[in-house]
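Listed below, chain by chain, are the residues.
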Amino acid sequence: MARINENYLKLAAGYLFPEIGRRVSEFQGSHPDAKLIRLGIGDVVLPLPAAIREAMHGAIDELGTTEGFHGYGPEQGYGFLREAIATHEFGARGVEISPDEIFVSDGSKCDSGNIQEIFAASARVAIPDPVYPVYVDTNVMAGRTGVPDAQGRYAGLVYLPCTESNGFSPEPPSEPVDLVYLCFPNNPTGSTATREQLAGWVEYARGCGAVLLYDAAYEAFIRDPDVPRSIYEIDGARECAIEFRSYSKKAGFTGVRCGFIVVPEQLAGTDEGGAAVPIRSLWNRRHSTKFNGASYPVQVGAAACYTDAGREQIQANVDYYMRNAGIIRDGMEAIGLTVYGGTNAPYVWIRTPSGMGSWEFFDRLLGEAHVVGTPGAGFGACGEGFLRLSAFGHREQVTEAVERIRTNLKG
Ligand SMILES: *Cc1c(COP(=O)(O)O)cnc(C)c1O
């Protein structure tokens, strides 16, 4: 029999969402009449905006003609989309990013999981705690860690604790590392980083030669004009940062699938002999070897996000979710819970009442209020004692969930 990659066996704790799924289906099985409200997995619920659908329909029709047929496209993405991204996502905010620095993909989960492949197996990696589980798990699979301890912390990783005392925005570590994952607005805490904090990260990275892996999947949910939407708004970031963006949350593309990564031309790593090697060319090599391009209709749909109608419709959806976030925040505060996030991010991070454990609070909300949240501990040891509620729900469900939690916790 073939030997397997034993690093996978270190992932003993399992992935968070399957465990939630298991508990939810077990509960639903024994309580078939319970009407669950799911504010657990961060998946959008509003229909795909009309401007995007119309553009995609047009692209499908084009594919049905001899002149309009498209086979394999450029692996990096079509020029029309990369140009629109450079102009609207960056140029419009005074950030210069060229279309050749943009690589279109089928979403950020793959990009943020795959990026580590182009760095050394010995790279030292710093990862916020709690955070989106993909960063840790992909480094475990790649063999950059030992086994997890009782709290699920893997030997070999440098954890960056995100706590109430640092506003869930960690400081750079005292030691040098090679790679730093950052995610702002943050999943799961809903926190953002200030311009000064990001400038501190850029200074740290340039000081020790680290690469910042900046996941900005939720930038569209930022409301505060002083909060940077891109790491490239910070001077010097072009020399030290890669940014991940996704259409999933901002434009309802979780099922359509499209995202992109920015790898600036100046960004370099070093080879064994210490010579500088441009990261962009390595990523280009990897991307074009392992990926054959996002589908044409999807890229046409993504480009429609930048038309006037597309922007308006996307903004309306973002506003809807942020109104939900406000309802959740206000509702939880009104019953005396301590809450974070939900003002520049679609997630509300709730401190569990009376020192309950994350999974205990999860089970209580599931069993008694029939509301599915996400236990904070599933995102890292520092998430213990917290629970995440997502604002991605229909309004009636969100208000009903808040009401049920209120009734339950009062009783
Ligand atoms: C949802 C999410 C993504 C986006 O994933 P896609 O693969 O683009 O759907 C990326 N990063 C974080 C932190 C997320 O929560």
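Just so it is clear, the structure is predicted and the values come from calculations on it, not from any experiment.

*Asks:* Even after reading the chapter, I still don't get the overall build of the protein, so can you show me in this structure?
*Replies:* On a plain count of helices and strands, the protein comes out with twelve helices and 15 strands. What you see for the protein is a C-alpha radius of gyration of 21 Å, in line with the 22 Å of a compact globule of 411 residues. Counting only C-alpha atoms and orienting by the principal axes, one finds that the protein spans roughly 60 × 55 × 50 Å. Long-range contacts, defined here as pairs at least 24 residues apart, represent 72% of the contacts in the protein between residues at least 6 apart. Of the charged side chains in the protein, 36 are positive and 50 negative; the average position of the first set lies 4 Å away from that of the second.

*Asks:* Sorry if this is basic, but what is going on with the packing of helix H11 (residues 358-369) against helix H12 (residues 395-410) here?
*Replies:* A pair of packed helices can be characterised by two numbers: the angle between their axes and the separation between those axes. For the pair H11 and H12, the least separation of the axes is 10 Å and the interaxial angle reads 105 degrees. Considering their axes alone, H11 and H12 lie roughly perpendicular with respect to each other. Residues Phe 361, Arg 364, Leu 365, Glu 368 and Ala 369 of H11 pack against Arg 404, Ile 405, Asn 408 and Leu 409 of H12.

*Asks:* I tried to follow the domain arrangement of the protein on my own but got confused; where do I start?
*Replies:* Accessible area lost during the coming together of the parts is what is often quoted as the interface size. Examined at the domain level, the protein breaks down into domain 1 (7-47 + 309-410) and domain 2 (52-307). A straight line from the C-alpha centre of domain 1 to that of domain 2 covers 25 Å. The partner domain 2 presents 49 residues to the 38 residues of domain 1 that form the contact. Contact with domain 2 buries area across many residues of domain 1, yet Lys 10, Asn 344 and Cys 382 alone supply 20% of it, more than any other trio. Our count for the contact surface shared by domain 1 and domain 2 stands at two salt bridges. Linking Glu 164 and Arg 351 is a salt bridge whose minimum nitrogen-to-oxygen distance equals 2.8 Å. Counting across the domain 1 and domain 2 interface gives 19 residue pairs in polar contact (both at pLDDT 80 or more). For the side of domain 1 that touches domain 2, the secondary structure elements donating two or more residues are helix H10 (308-334), strand S11 (339-341), strand S12 (347-351) and strand S15 (386-390).

*Asks:* It is not clear to me how the sheet that holds S12 should be interpreted in this structure. Could you clarify?
*Replies:* By way of backbone hydrogen bonds, the strands of a sheet pair with one another, either parallel or antiparallel. Strands sit in the order S11-S12-S15-S14 across an open sheet of four strands; the sheet is antiparallel. Looking at the sheet topology across the chains shown, the edges are occupied by S11 and strand S14 (374-375). Both S11 and S12 contribute to a ladder of three bridges, which runs antiparallel. By the bridge assignment, Gly 341 is partnered in S12 with Val 348. Sheet strands in contact with H11 are S12, S14 and S15, and its direction is about 45 degrees off that of S15.

*Asks:* Is there a simple way to think about the site of the ligand in this case?
*Replies:* Residues in contact with the ligand amount to 14 residues; listed here are only the nearest, Ser 108, Tyr 218, Ser 246, Ser 248 and Lys 249. At 2.8 Å from an oxygen atom of the ligand is found a side-chain nitrogen or oxygen belonging to Asn 187. When isolated, the ligand has an accessible area of 390 Å², and the protein chains bury 93% of it. For the shell around the ligand, the secondary-structure elements that each account for two or more residues are helix H4 (108-114) and helix H7 (248-251).

*Asks:* Would you take a moment to explain unusual backbone geometry for this structure?
*Replies:* Most of the time, phi is negative for any residue but glycine, and the peptide bond is trans. Residue Pro 130 follows Asp 129 across a cis peptide bond; omega there is 5 degrees. In this structure, Pro 130 sits in the loop between strand S3 (125-129) and helix H5 (134-141). The peptide bond linking Phe 184 to Pro 185 adopts the cis configuration, its omega dihedral lying at -10 degrees. Note on placement: Pro 185 falls in the loop between strand S5 (179-183) and helix H6 (195-208). Backbone geometry at Ser 354 places phi at a positive 40 degrees, although glycine is not the residue there. Within the secondary structure, Ser 354 sits in the loop between S12 and H11. What makes Ser 354 exposed here is its relative accessible area of 76%.

*Asks:* How should the sheet that holds strand S2 (residues 102-105) be read in this particular structure?
*Replies:* Taking strand neighbours across the sheet as the criterion, the seven strands line up as S2-S8-S7-S6-S5-S3-S4 in an open arrangement whose pairing is mixed. Of all the strands in the sheet, just S2 and strand S4 (158-161) have a single pairing partner and so form its edges. Each strand of the sheet is rotated relative to its neighbour by a mean of 20 degrees, with strand direction disregarded. When strand S6 (residues 211-215) meets strand S7 (residues 241-246), the two strands line up parallel, connected through four bridges.

*Asks:* Teacher, can you tell me more about the pattern of salt bridges here?
*Replies:* Side-chain pairs of opposite charge can arise whenever the charged atoms involved come near each other. The full count for this structure, using the stated rule, is 24 salt bridges. In this structure, Glu 89 engages Lys 250 in a salt bridge whose closest nitrogen and oxygen atoms are separated by 2.7 Å. With a gap of 161 residues between them, Glu 89 in helix H3 (residues 79-90) and Lys 250 in helix H7 connect regions that are remote in the sequence. Across this residue pair, the class does not change: Glu 89 and Lys 250 are buried. Through salt bridges with shared partners, one network takes in Glu 89, Glu 219, Arg 229, Glu 243, Arg 245 and Lys 250.

*Asks:* Quick question: what am I supposed to make of the packing of aromatic side chains here?
*Replies:* Note on aromatic pairs: each is described by the distance of the centres and the angle between the planes. On inspection of all chains with the given rule, the structure shows 24 aromatic pairs. Ring plane angle 65 degrees and centroid distance 4.9 Å describe the contact between Phe 168 and Tyr 340, whose orientation is recorded as edge-to-face. With Phe 168 in the loop between S4 and S5 and Tyr 340 in strand S11, this pair connects stretches of sequence that are 172 residues apart. With a relative accessible area of 2%, Phe 168 lands in the buried category.

*Asks:* Please clarify how the pairing of S5 should be interpreted in this entry.
*Replies:* A regular strand places its side chains on the two faces of the sheet in alternate fashion. In terms of burial, S5 is largely enclosed, as five of its five residues are buried. Where burial is concerned, the two faces of S5 agree: the one with Leu 179, Tyr 181 and Cys 183 and the one with Val 180 and Leu 182 are both buried. Alignment of S3 against S5, held across two bridges, turns out to be parallel. Among the inter-strand pairings, Val 125 is bridged to a residue of S5, identified as Leu 179. With five bridges connecting them, S5 and S6 associate as parallel partners. In the strand pairing of S6, Tyr 181 is matched with Leu 213. Handedness of the crossover joining S5 and S6 through H6 is recorded here as right-handed.

So, how was this worked out
- Residues numbered from 1 in each chain as written.
- Predicted model: local features only at pLDDT ≥ 70, side-chain atom pairs only at ≥ 80, totals over all residues.
- Heavy atoms only, no water.
- Helix = DSSP H or I, 4+ residues; strand = E, 2+ residues; numbered from the N terminus.
- Rg over C-alpha atoms; globule rule 2.2 N^0.38 Å.
- Contact = heavy atoms within 4.5 Å.
- Lys, Arg positive; Asp, Glu negative; His and termini not counted.
- Charge placed at Lys NZ, Arg CZ, Asp CG, Glu CD.
- Axes fitted to C-alpha atoms, helices over the stretch in contact; angles between N-to-C directions.
- Parallel < 35°, antiparallel > 145°, perpendicular 65-115°, else oblique.
- Domains from an automatic or database assignment.
- Buried area = accessible area lost by both parts, 1.4 Å probe.
- Salt bridge = Lys/Arg side-chain N within 4 Å of Asp/Glu carboxyl O.
- Polar contact = N/O pair within 3.5 Å; in protein donor to acceptor, adjacent residues only side chain to side chain.
- Pairing = 2+ DSSP bridges.
- Near = heavy atom within 4 Å.
- Areas by Shrake-Rupley, 256 points an atom, 1.4 Å probe, with all protein chains shown as cover.
- Buried < 20%, exposed > 50% of the residue type's maximum accessible area, 1.4 Å probe, protein only.
- Phe/Tyr/Trp six-rings, centres within 6.5 Å; stacked < 30°, edge-to-face > 60°.
- Right-handed = clockwise from strand over helix to strand, strands pointing away.

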